[in-house]
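Descriptive structure summary
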Amino acid sequence: EIDCIGSNCIAVSCIEQSPACDVVAVGFSSGDILLLNIRSDLVLFSFQQIDGAVTSLSFRTDGASERYPYLVSSSENGRIHTWNLGTLNEVDNNDETGHK
């Protein structure tokens, strides 16, 4: 879905199913990220990527994911953002961009 206000349009750029039942992460061209419970139609959390559209999303799915829940997003400039779903904060990634 695309939401437009004047000349500003915000499009869904990616969606990723979480390991938790009925929960998805949705990334937008605005840099916004929403975690949604699609069964109850509720926004659980929201994050803002400061450097452009969300190009991909991935949840931690290994054995430690229940104890240390993380969501990773990427932006158009190649930066990877790591979000701690326990504290709802971005993990410091040393502000590196792209591959070297």
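Whatever comes next refers back to the structure up there.
Note that the coordinates shown come from a computational prediction; the quantities given were computed from them, not determined experimentally.

Looking only at helices and strands, the chain features zero helices and nine strands. Here the chain holds 100 residues, and the buried ones make up 31% of them. Of the contacts formed within the chain by residues at least 6 apart in sequence, a portion of 25% connects residues at least 24 apart.

Before going further, it helps to spend a moment on the sheet that holds strand β9 (residues 89–91). With antiparallel pairing, four strands are arranged side by side in an open sheet as β6-β7-β8-β9. Because the sheet does not close on itself, it has two edges, and the strands there are β6 (54–59) and β9. With strand direction ignored, the average angle separating the axes of adjacent strands in the sheet is 30°. Where strand β8 (residues 80–84) and β9 come together, three bridges link them in antiparallel fashion. Looking at the pairing, Asn84 lines up with Asn89 of β9.

Cut-offs used in this document
- Residues numbered from 1 in each chain as written.
- Predicted model: local features only at pLDDT ≥ 70, side-chain atom pairs only at ≥ 80, totals over all residues.
- Heavy atoms only, no water.
- Helix = DSSP H or I, 4+ residues; strand = E, 2+ residues; numbered from the N terminus.
- Buried < 20%, exposed > 50% of the residue type's maximum accessible area, 1.4 Å probe, protein only.
- Contact = heavy atoms within 4.5 Å.
- Pairing = 2+ DSSP bridges.
- Axes fitted to C-alpha atoms, helices over the stretch in contact; angles between N-to-C directions.

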